[in-house]
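Residue-level listing of the chains:
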Amino acid sequence: MNDMTTETAPAADAGETREMNMIEAINSALDIMLDRDDNVTLLGEDIGYFGGVFRCTAGLQEKYGKTRVFDTPISECGIIGVAVGMGAYGLRPVPEIQFADYIYPGLDQLISEAARLRYRSAAEFIAPMTVRSPFGGGIFGGQTHSQSPESIFTHVSGLKTVIPSTPYDAKGLLISCIEDNDPVIFFEPKRIYNGPFDGYYDKPAKSWKGFDAAQVPTDYYKIPLGKARTVREGDALTILAYGTMVHVVESVARDKGVNAEILDLRTLVPLDIEAIEASVEKTGRCLIVHEATRTSGFGSELSALVQERCFYHLEAPIERVTGFDTPYPHSLEWAYFPGPVRIGEAIDKLLEA
Amino acid sequence: MADQRDDKGTNRPKLALHVPEPKYRPGDKVDYSHLNIPKAGEQSRPDEACEAKDTFALCNDLVRVLGDDNQAHGPWDPRLDADTLRQMLREMALVRAFDNRMYRAQRQGKTSFYMKCTGEEATSVCATHALAGDDMIFPSYRQQGCLIARGYELTEMINQIYSNKADKLKGRQLPIMYCSKRLNFFSISGNLATQLPQATGFAMASASKGDSRIAATWVGEGSTAEGDFHSALTFATVYNAPVIFNVINNQWAISSFSGFAGSERATFAARAIGYGMAGLRVDGNDPLAVFAAERWAADRARANAGPTLIEHFTYRAEGHSTSDDPSAYRSAEEREEWPLGDPIMRLARHLIALGEWSDEQQEEMDTELDAMVRKAMKEAEKNGILGHGLHHPFHTMFEDVFEELPWHLEEQAAQAIRERRIKFPGDPAE
C-alpha cells in the first residue's frame, strides 16, 4: 500500500469496492445518477457514442440511450444555455465542457443566467446543473488546454465550485453536485485522471494502482460539499491546496521531512472556513498553493481570509505559491508549473520566519 | 513592416468601410415607399408539416391577412370567432392602457424605469393566444402582452414595477423583468438573447420526455446579432426542437436602426434559411397574421415537424424605455408614416366591418380599462412605491443566492442588519 493518507479510504461498511482511476470513478458516479434519477441528462461535445475525449462518459449512451446522453454542437454558449432551459423544465443536466479553457463562450449563460436564476425569480426557477470540465496543466496541453480558471467562478455569486483530488472524492463529490439544486462547476484535474502526480515530471508517471483513495465503492455514496479533507495532520505549518497540487505539496512536505498539516479544500465555494481556521490557529503558519495564475487567483481570497480571521495566531507572513501570471507555455510548461522547487522555497521561508 | 506590403506602388483601389446609416434622422421627411408591402391575402400557406424549404419564399415576403378594406383575406386567415377577436382586442388595449399609466408612474417618481410596447401589442398578445396555456414562454423585456394575455393580475405586475413589499420577486429585479412559473412565463433577464438557447433547451427536454408542451421565445431584431441567437438556432435545428423563435423587428435597438443587425442585406426571417429551419415573415401590426403564423408554428412544433423562426415586422412607436429620448436620433415622422398602421386600430376596424364592434364600444372599453389599471395601481401603492421604505425585509437580500445560506452570506447578512441598526436605530424593518 502506498503511503497516501488513509482518510479517503471508504468506511468499513461501504460495501463492495473496486480499484478505479479518476476517470472510472467519475464514470461510475454518472452511471449511478443516470440510473437513480430519470431527469439526469448528460450533454457535451463528443460525450455520446464516443464516450468523451477523456472517456469519462464511456458506455453511458449505450446503457441509457441517446436522449439521456448525447453529443452537442461545438457551442459552449449553447450547451450551457440549453442546460438552463432543461433545468427550467425539470431536468438535472450535467453538461461537459471538453476543456475548461473552452468554457469562456458559455460564461454569460453561467454568470448572468444559471448563477442568477434562483435569485432573480425568487426561487420559482432554479438551475440545478453540474458543469463538468477537465482543467489544469502538466500534460503538454499548451495555453488552450491547461488553464485553471476556477477563480473566475468563485467570484460569481450563486455558483459553487468543486475540485476533487482523488478517485474516491471525485465520485462522492460528483454525486453530491448532481443532487445539489444550485449550479456547480466541477473541475476535474486532468493531470491526475490516471494517477497522482507528485510534481516530479522527470520521474515515471504513477497510476492510481495500489492507492487507498483509488478503492472506490461501486455503489452510491456522497461526500458533502463545503467540507475540506485533512490529507495529513501536522503542526509545523498549514498547507491549503486542491486538485493536482494536493499531491505535489504532499510529496514535497514528505521529501523535506516537514510535519505539515495539509488541507485538501475540495470545495472552494462554499469554503470550509472552520477547518482552515482550526488548522492555522494550531500551526501559526500558512502556505497556499494553486496552479492557476497568481493575481486575483483563489489564493488571494484564501490569504485575505486567513489574515482577517487568524492574524493573531500567525507567526509568519502567509505565503502563496502559484502559477506565473503568463499564459501556460507549451515548451516551458514545467517552468510555469508550481513544482517542488517553488513550494520547497516557500516552506523554508515560512519555517525560517 | 510597411516596406513588406506588396501593394506598394500598385493601382489597387482603396478599401472603404461601410457604416450603416438609417434613412431618416430628426427633422427629416419620411417616405416609406421603398418598403415592399404586398397586398393582404396574397401569400401562400404551406402545410404545417411541410419541409422547411417550402417556407423559404415566405422569408422574403410578408404574411398579411387584414386588408385596407378591414376584411380578412387569403389562406392565412385564422377564421377566429368574434369573441376571440374581441378578447384579443381587449387585451391589446389593456396593454396600452397599462403602458400609458406605468409610463406616467415612472415620470411621477413611483419607480425607476419602464418600457412600453406601443405599436407592438399584437406580437405578444396575439402570439400568446395561438399557444396552449402550458406552453413555456421565454420572453425578452417587451412582452408584457404575453402576461396580460395569460391573465396575470395587474396588481402583481405593478408590485413588481414598484419593487414594493408585495413584489413576488422581492424587489430584486429591474421593473418589468417579470417572472411567473404559474403562467409558464420564464424569468426575464436583462442580458439580451440569453433566453433563446434556454427556450431551445426547454423544448429539447419536453421532447426527450415525450411531453406535448412546446417553447416560444421572443427577441428583438437588434439582439439577433448575439452569439446566443446562432447557438439557439443551431441546437434547435440539430435536435428538431419544438420551439418558436419570435424576432420582433421593430426597426430600432435603442438608437441603432436594424441595419446594425444586418437588415440592409437580408430579412431577419431569412436567417432561418441558413439553418434549414422553417421561417415566416409577418406583418407584426396585423393581429390576425400574427396569430395565424404563431399557430402555424405551434402546430408544426407539436407535430414534431421542427422549429420555426418568425420575423414580426413592426415599429417601435415610442422610446426604448423611460431612459430614452428617440427624438434625438430618429425622425418623429416615422411613427406617423409607418405603413402598417396600428394593431389595435386595425383589429377594431375589422370587428366594426364585421358588424361585431363599434366606436362607442371601443371608447367605453378604453375608459373601463383605464379605470381598471388605476384601481390596480391604487391597490399596489398600498404595498409601497420604490424608495419609500416599503420593501422586503433586509435578510431577503441574502436569500436565494443559494438554496441554503452559506457561512459567508450569513456573516454578510449580519453586517447589513448591523449597518441598518446604526443608520435607523429602533427601526424594526429588518
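Just so it is clear, the structure is predicted and the values come from calculations on it, not from any experiment.

Peer 1: Let's hear about the overall build of chain B: which residues, and what values?
Peer 2: When its secondary structure is counted, chain B shows 12 helices and 7 strands. For 430 residues, the compact-globule estimate of 2.2 N^0.38 gives 22 Å, and the C-alpha radius of gyration of chain B, at 24 Å, lies within 12% of that figure. In chain B, which comprises 430 residues, the share counted as buried stands at 49%. Pairs at least 24 residues apart make up 77% of the contacts formed inside chain B by residues separated by at least 6 positions.

Peer 1: Any chance you could break down the overall build of chain A for me, citing the residues and the numbers?
Peer 2: Check the secondary structure of chain A and you find 12 helices and 14 strands. Structurally, chain A occupies a C-alpha span of about 60 × 45 × 45 Å along its principal axes.

Peer 1: Which residues make up the interface of chain A and chain B, and what values go with them?
Peer 2: Facing the 34 residues of chain A at the interface are 35 residues of chain B. Secondary structure elements with two or more residues in the side of chain A that touches chain B: helix H3 (76–89), helix H4 (107–114) and helix H5 (117–120) of chain A. In terms of residues, the side of chain A that touches chain B owes the most to one element, H3 of chain A, which gives 10 residues. In the side of chain A that touches chain B, the residues fall into 17 nonpolar, 11 polar and 6 charged.

Peer 1: Requested: an account of the pairing of strand E7 (residues 308–313) of chain B, with residues and values cited.
Peer 2: Residue and element names in this part refer to chain B. Taken across its 6 residues, E7 has 6 buried, putting it largely inside the fold. Burial along E7 is two-sided: the residues Thr308, Ile310 and His312 and Leu309, Glu311 and Phe313 are all buried. Where the polypeptide runs from strand E6 (residues 278–283) across helix H8 (residues 287–302) and back to E7, its parallel neighbour, the crossover connection is right-handed.

Peer 1: I'd like to hear about the sheet that holds strand E9 (residues 229–232) of chain A, residue by residue, with values.
Peer 2: Residue and element names in this part refer to chain A. Pairing within the open sheet is mixed, and its 5 strands lie in the order E9-E11-E10-E13-E14. Each edge of the open sheet carries a strand with a single partner, namely E9 and strand E14 (319–323). Taking the axes of each pair of neighbouring strands and ignoring which way they run, one obtains an average angle of 25° across the sheet. Strand direction decides the pairing type here: E9 and strand E11 (residues 260–264), joined by 3 bridges, are antiparallel. From the neighbouring strand, Arg229 faces E11, where its bridge partner is Asp264. The sheet contacts of helix H10 (residues 298–310) involve strand E10 (237–241), strand E13 (286–293) and E14, and relative to E13 the element is tilted by about 160°.

Peer 1: Tell me about the packing of helix H8 (residues 244–256) of chain A against helix H12 (residues 340–352) of chain A, residues and numbers included.
Peer 2: Residue and element names in this part refer to chain A. For the pair H8 and H12, interaxial distance at closest approach is 10 Å and the crossing angle is 60°. Of the possible angle classes, the one that applies to H8 and H12 is oblique. Considering how the two elements wind past one another, H8 and H12 form a crossing that is right-handed. Residues Val248, Val249, Val252 and Lys256 of H8 pack against Pro340, Ile343, Gly344 and Ile347 of H12. Taken together, the residues that form the contact of H8 with H12 break down as 6 nonpolar, 1 polar and 1 charged.

Peer 1: A description of H4 of chain A should follow, citing residues and the corresponding values.
Peer 2: Of the positions making up H4 of chain A, those classed as buried are Asp108, Gln109, Leu110, Glu113 and Ala114 of chain A. Buried residues along H4 of chain A sit in contact with H3 and H5 of chain A together with helix H5 (195–208) of chain B.

Peer 1: Could you give me a rundown of the environment of Leu265 of chain A, with the residues and numbers involved?
Peer 2: Residues and elements named next belong to chain A. The topology assignment puts Leu265 in the loop between E11 and strand E12 (267–269). The exposure class of Leu265 is buried, given the 26 C-beta atoms found within 10 Å. In contact with Leu265, not counting residues within four places along its chain, are Ala228, Leu240, Tyr242, Leu271 and Asp272.

Peer 1: Requested: an account of the confidence of the model for chain A, with residues and values cited.
Peer 2: Looking at chain A, the pLDDT average stands at 96 and 96% of residues meet or exceed 70. Segment residues 1–7 of chain A: pLDDT under 50, and 12 contacts once partners within four positions in sequence are set aside and those in other chains are kept.

Peer 1: Could you give me a rundown of the packing of helix H4 (residues 154–162) of chain B against helix H11 (residues 359–381) of chain B, with the residues and numbers involved?
Peer 2: Residue and element names in this part refer to chain B. Direction vectors running N to C along H4 and H11 enclose 55°, while the axes themselves pass 9 Å from each other. Considering the angle they form, H4 stands oblique to H11. Two packed elements cross with a definite hand, and for H4 against H11 that hand is right-handed. In this structure, H4 uses Leu154, Thr155, Ile158, Asn159 and Tyr162 to contact H11, whose residues at the interface are Val373, Ala376, Met377, Glu379 and Ala380.

Peer 1: I'd like a rundown of the sheet that holds strand E1 (residues 136–138) of chain B, residues and numbers included.
Peer 2: Residue and element names in this part refer to chain B. As summarised here, the arrangement of the 5 strands in space is E1-E2-E3-E7-E6, forming an open sheet in which the pairing is parallel. Edge positions in the sheet fall to E1 and E6, since each of these pairs with one other strand and no more. Neighbour-to-neighbour, the strand axes of the sheet open up by a mean angle of 20°, direction not taken into account. By the bridge criterion, 3 bridges tie E1 to strand E2 (residues 215–220) in an arrangement that is parallel. Note that in E2 the partner of Met136 across the bridge is Ala215. Lying on the sheet, H5 is in contact with E1, E2 and strand E3 (243–249); it crosses E2 at an angle near 170°.

Peer 1: Would you mind going over the nonpolar core in detail, with residue names and values included?
Peer 2: Soluble globular proteins: nonpolar side chains tend toward being buried together. Ranked by size, the top nonpolar core spans 212 residues in total, and within it Ile239, Val249 and Leu287 of chain A together with Val243 and Ala293 of chain B carry the most contacts. If near-sequence neighbours (up to four positions away) are discounted, Leu287 of chain A is found in contact with Leu237, Ile239, Glu319, Val321, Ala346, Ile347 and Leu350 of chain A.

Peer 1: Break down unusual backbone geometry for me, citing the residues and quoting the values.
Peer 2: Geometrically, the link from Val269 of chain A to Pro270 of chain A is a cis peptide bond, its omega value of -5° lying close to zero. Structurally, Pro270 of chain A is set in the loop between E12 and helix H9 (273–283). Positive phi outside glycine occurs at Lys170 of chain B, with the angle close to 60°. Look at Lys170 of chain B and you get buried, because 22 C-beta atoms sit within 10 Å. The phi angle at Gln251 of chain B is positive, at roughly 80°, despite the residue not being glycine.

Rules used throughout
- Each chain has its residues counted from 1, following the order in which its sequence is written.
- Lettering of chains starts at A and numbering of ligands starts at 1, both following the order in which they are written.
- Whole-chain, interface and lining totals are the exception, using all residues; otherwise, since this is a predicted model, local features are given only for residues with pLDDT of at least 70 and side-chain atom pairs are given and counted only at 80 or more.
- Numbering goes from the N terminus for both helices and strands, where a helix is a DSSP run of H or I of at least four residues and a strand is a run of E of at least two.
- Only the C-alpha atoms count toward the radius of gyration. The rule for a globule is 2.2 Å times the residue count to the power 0.38.
- Using C-beta atoms placed from the backbone, we call a residue buried if 20 or more other C-beta atoms fall within 10 Å of its own, exposed if 12 or fewer do, and partly exposed for counts in between.
- By definition, residue pairs are in contact when their C-beta atoms, positioned from the backbone, come within 7 Å.
- Note on residue classes: Ala, Val, Leu, Ile, Met, Phe, Trp, Tyr, Cys and Pro are nonpolar, Asp, Glu, Lys and Arg are charged, and everything else, Gly too, is polar.
- Here is how to tell: hold the view so the strands point away, follow the path from the first strand over the helix to the second, and if it runs clockwise the crossover is right-handed.
- Should DSSP find at least two bridges between two strands, the strands are taken to pair.
- Inter-axis angles, ranging from 0 to 180 degrees, are taken between N-to-C directions of lines fitted to C-alpha atoms, where helices are fitted over the stretch in contact.
- Oblique is the label for any angle not covered by the other classes, which are roughly parallel (under 35 degrees), roughly antiparallel (over 145) and roughly perpendicular (65 to 115).
- Note on convention: the crossing is left-handed when the near helix lies turned anticlockwise from the far helix by less than a right angle, right-handed when the turn is clockwise.
- Confidence per residue, as judged by the predictor, is encoded in pLDDT with a range of 0 to 100.
- Only buried residues count toward a nonpolar core: Ala, Val, Leu, Ile, Met, Phe, Trp, Tyr and Cys, linked into one set through C-beta atoms within 7 Å.

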